[in-house]
Amino acid sequence: MKLTCDEATTICDKTQYGEAGLWERVKLGLHFLMCRTCGLYSKQNQVMTKCYHIHKETSKYNKSCLCDEDKKEIEQNLKSKM
Amino acid sequence: MSLSSNHMLNPNKWVTLYADYLYNYTISRVSNHDTAKDIVQDTFFAALKAQDNFQGKASERTWLVSILKRKIIDHYRKINSIKGKAEVKMNFYTDGEREGEWIEERAPTDWGGEVEKKIENEELKVVLEKCIDYLPEKYAMVFRMKTIQQFETEDICKELEITSSNLWVIIHRARTQLRKCMEDNWFKN
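Residues numbered from 1 in each chain as written. Chains lettered and ligands numbered in written order. Predicted model: local features only at pLDDT ≥ 70, side-chain atom pairs only at ≥ 80, totals over all residues. Heavy atoms only, no water.

A. Just the overall build of chain A, in detail. Tallying secondary structure elements over chain A gives four helices and zero strands in all. From first element to last, N terminus to C terminus, chain A shows the α and β order α-α-α-α. By the compact-globule yardstick of 12 Å for 82 residues, chain A is too spread out, its C-alpha radius of gyration being 22 Å. Principal-axis analysis of the C-alpha atoms gives chain A an extent of 65 × 30 × 20 Å. Burial status across chain A gives 45% buried among its 82 residues. (Helix = DSSP H or I, 4+ residues; strand = E, 2+ residues; numbered from the N terminus. Rg over C-alpha atoms; globule rule 2.2 N^0.38 Å. Buried < 20%, exposed > 50% of the residue type's maximum accessible area, 1.4 Å probe, protein only.)

B. Structural view of the domain arrangement of chain B. All names here are of chain B. As assigned here, chain B comprises domain 1 (2–81) and domain 2 (104–187). If you average the C-alpha positions of domain 1 and of domain 2, the two centres end up 30 Å apart. With 13 residues of domain 1 at the contact, the number on the domain 2 side is 13 residues. Together, the buried faces of domain 1 and domain 2 total about 1,300 Å²; carbon and sulfur atoms form 55% of this surface. When the buried area of domain 1 at its contact with domain 2 is split by residue, Arg-29, Tyr-76 and Ile-79 rank highest and sum to 48% of it. At the junction of domain 1 and domain 2, the tally comes to three salt bridges. Across the pair Glu-161 and Arg-77 runs a salt bridge whose closest N-O atoms are separated by 2.6 Å. Viewed at the interface, domain 2 and domain 1 are joined by five residue pairs in polar contact (both at pLDDT 80 or more). Secondary-structure elements contributing two or more residues to the side of domain 1 that touches domain 2 are α2 (14–30) and α4 (60–81). Residues that form the side of domain 1 that touches domain 2 fall into these classes: six nonpolar, four polar and three charged. (Domains from an automatic or database assignment. Contact = heavy atoms within 4.5 Å. Buried area = accessible area lost by both parts, 1.4 Å probe. Salt bridge = Lys/Arg side-chain N within 4 Å of Asp/Glu carboxyl O. Polar contact = N/O pair within 3.5 Å; in protein donor to acceptor, adjacent residues only side chain to side chain. Nonpolar A, V, L, I, M, F, W, Y, C, P; charged D, E, K, R; others polar.)

Given below as C-alpha cells:
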C-alpha cells in the first residue's frame, strides 16, 4: 500500500505517458499527501514532458537519410562480399 | 524450390532500393548516424549470407527488415551489457533503512518562477539534447523510442525483447537523470 519515493516517481513517470493504472494513481495520490519532494517531482515532470514535446517537434532525426557517399561505401563493401 | 527462390533476391540493387528505408528505421531507434549506418551495412552482409533462407513468402524488403530487427536487438544487448560506465547515477538509496528514498543531493529543488519563460527559450533544445546524449546509450535509446518517437510500450518491449517493468525502470532512471541534468544546466542556471 505504501510506496517508496522510487516507486512513486516511477508511477509518476508512467502517468506522463497515460499508462498508470487506477490503483497506481490512487497510491500515488496518497504518497503526495505525505511527500512534498515527490509532489515537486511530479510538477517538474510535467514541465519536462513539455520540453520533450518541443524537442520532438524539432528533432533532427525527423528527416534523415544516408548521403550518396555513405551509400557508395556500403555498396562497395557489399560487392566485395558477393 | 530453394534454388529458384534466389532469383527473387537482387543484392545488386539492395543499397539503391532499401538503404534509405532501413536507415530511417534504424536511426529512429539508435539516434546515431554512424551506428545506424553500421547496422544497415551489417544487415546487408547478413542477408547476403542468408540468401538461401529466403523463401519468397515475404517481399524482399520485409525480409531485410526482419534481419534488421535482429541486428537492432543485438545492438541493444551489446550496449546493455557494457558494465560500469553504462549506468545512470542513482537517485534513490538502493539498500539499508532508507531504501527507495531520495538521495538528498539528487532530489528536486524549486526552479523558481521563470519556468514558462525558460521553456520558450530556443536554447533549451540544445541543452536538452546534450542531457539526453549524456545518458548511457541503453537509457537514451529506450527513452527516445518511448518519448521522442512515441512508440507503444508493447512494441518497444517486443522489439528489444524486454519486459514492460524493465522498460519503466529504464524510463524512470532516464527521466530522473534528465530532470537533474536540466535542473543543474537550465532551470537553475
